[in-house]
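Coordinate analysis (summary)
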Amino acid sequence: MPVVTPTTASALLGAGYDVRVERSEQRIFGDSEFEKVCATLVPKGSWTEAPTEHIIIGLKELPKDDYLEFLQDDSGRRVAAFGYHAGSAGAALGVEAWAWPHAHPGEEFRGVKPYPSEDALVSHVKSVVTESSAKIGRNPKILVIGALGRCGKAAVDLALKVGVPAENVLQWDMAETAKGGPFVEIVESDIFINCIYLNQPVPPFIDTGSLENPDRKLSVVVDVSCDTTNPHNPIPIYSINTTFGEPTVPVPVSEAFSKDLLPSLLSLKDRKSTKVWAEAEKLFHSKVATLSGY
Ligand SMILES: NC(=O)c1ccc[n+]([C@@H]2O[C@H](COP(=O)([O-])OP(=O)(O)OC[C@H]3O[C@@H](n4cnc5c(N)ncnc54)[C@H](O)[C@@H]3O)[C@@H](O)[C@H]2O)c1
């Protein structure tokens, strides 16, 4: 979740701050959105070289094994990919999110935790989906796009393992999407799992208009590919990433989070006399004092 969005960057610039934003292909808000509000874009990862008087703002923990997925061999194939597990975990989450409201009416679905083993995951999701399907008298219908790839195959396997009948698991790849979207088959499914490797522009698979379809069954979209910041994102119906704590986050959260922080950010100039920053600095120094060599 970005701490500074284009809206809050604009407010900070207006208040006289010099705002620099690292370039990123991953962030929910694209570089161009920051450029539009006249923030200065700087290279990704350049914060480590920034002058010490610059204030670095960021929320995520630092990556331990950055870019592993993008290391490529001579023929351009990724030397390491964790697609199988991503597809499997995404499908498990999707099936559980679909089943949840039937098993727990009125309760929000939140707080997914790691499982000790794949068997434990499968057995849990299987019990939830069996209970919900029995309650409503039918199994979910799932459409997986990119079904011939690593993530897609894993998503299909998982759906079958948790007991969704094979005839309810539609498997699409290049041949089925060649006709060009939006595809009504997506809204006619309960769960849509996107697992494509987007390497060329494609028309959207689904758009906000599709969601208005009165016959829509679709209630869960699992976007394993997660190309939200790509201009050719085939699922342009949301622009936010989910978390383990809130696996199904409503769309406007990013902006709301940053807006809540804005008053504090605007008071950075007077940080010595502002409680929130003075307290933060005190905490910082107390933590630094616990490090050896300081
Ligand atoms: N969310 C995560 O944590 C996570 C983890 C791993 C991979 N991924 C992403 O998931 C995506 C898939 O990864 P993978 O390792 O399974 O890739 P892959 O290359 O093994 O499979 C991709 C599949 O998508 C199909 N495809 C491509 N364009 C398509 C289109 N327009 N219509 C239908 N099918 C199409 C390909 O034919 C292929 O079968 C990548 O974008 C990858 O970056 C995300």
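The structure this text deals with has already been given above.
Right, let's walk through the structure included here. This one's a predicted model, so the numbers in the text were calculated from it and none came from an experiment. (Residues numbered from 1 in each chain as written. Predicted model: local features only at pLDDT ≥ 70, side-chain atom pairs only at ≥ 80, totals over all residues. Heavy atoms only, no water.)

1. Some thoughts on the packing of aromatic side chains
Selection criterion: Here a Phe, Tyr or Trp ring, Trp counted by its six-membered ring, pairs with any other such ring whose centre lies within 6.5 Å, and the pair is stacked when the planes are under 30 degrees apart, edge-to-face when over 60, and tilted otherwise. Relative accessibility thresholds used throughout: buried, under 20% of the residue-type maximum; exposed, over 50%; partly exposed, between the two (1.4 Å probe, protein chains only). Each helix is a run of DSSP H or I of at least 4 residues and each strand a run of E of at least 2, with the numbering of both proceeding from the N terminus. Only when the NZ of Lys or the CZ of Arg is both within 6 Å of the ring centre and within 35 degrees of the ring normal is a charge said to sit over the ring.
With the rule as written, the count across this model stands at three aromatic pairs. Centroid distance Trp100 to Phe109: 5.3 Å. Interplanar angle 50 degrees. Geometry classified as tilted. Phe109 carries the same exposure label as Trp100, and that label is buried. Residues Trp172 and Phe183 carry aromatic rings whose centres are separated by 5.2 Å and whose planes lie at 85 degrees to one another, so their mutual orientation is edge-to-face. Of this pair, Trp172 sits in strand E4 (residues 169-172) while Phe183 sits in the loop between helix H6 (174-177) and helix H7 (184-187), placing them 11 residues apart in sequence. Assessed through its relative accessible area of 9%, Trp172 is described here as buried. Cluster of aromatic residues (ring-pair linked, three or more members): Trp172, Phe183 and Phe205. If you follow Lys269 out to its NZ or CZ, it ends over the ring of Tyr17, 5.0 Å from the centre.

2. With respect to helix H5 (residues 150-161)
Condition: To estimate how far a helix should reach, multiply one less than its number of residues by 1.5 Å. Contacts: residue pairs with any heavy atoms within 4.5 Å of one another.
For H5, spanning 12 residues, the distance from its first C-alpha to its last is 17 Å, which sits close to the expected 16 Å at 1.5 Å a residue. Residues Cys151, Gly152, Ala154, Ala155, Val156, Leu158 and Ala159 constitute the buried set of H5. Taken together, the buried residues of H5 touch helix H3 (83-103), helix H4 (118-136), strand E3 (142-145), E4 and strand E5 (191-194). Looking one or two residues beyond H5, the residue adopting positive phi is Gly163, at roughly 100 degrees.

3. Considering the sheet that holds strand E6 (residues 220-223)
For clarity, the cut-off: Note: two strands are recorded as paired if DSSP finds a minimum of 2 bridges between them. Angles here are taken between N-to-C directions and fall from 0 to 180 degrees, while the axes themselves are lines fitted to C-alpha atoms, restricted in helices to the stretch in contact.
The parallel open sheet is built from four strands, whose spatial order is E4-E3-E5-E6. Only two strands of the sheet have a single partner each, and these edge strands are E4 and E6. Put simply, the sheet's adjacent strands are angled 15 degrees from each other on average, direction ignored. Bridge count for E3 against E4 is four bridges, and the pairing is parallel. From the neighbouring strand, Ile142 faces E4, where its bridge partner is Val169. Here H3 sits on the sheet and contacts E3, E5 and E6; the angle it forms with E6, its principal contact strand, is near 170 degrees.

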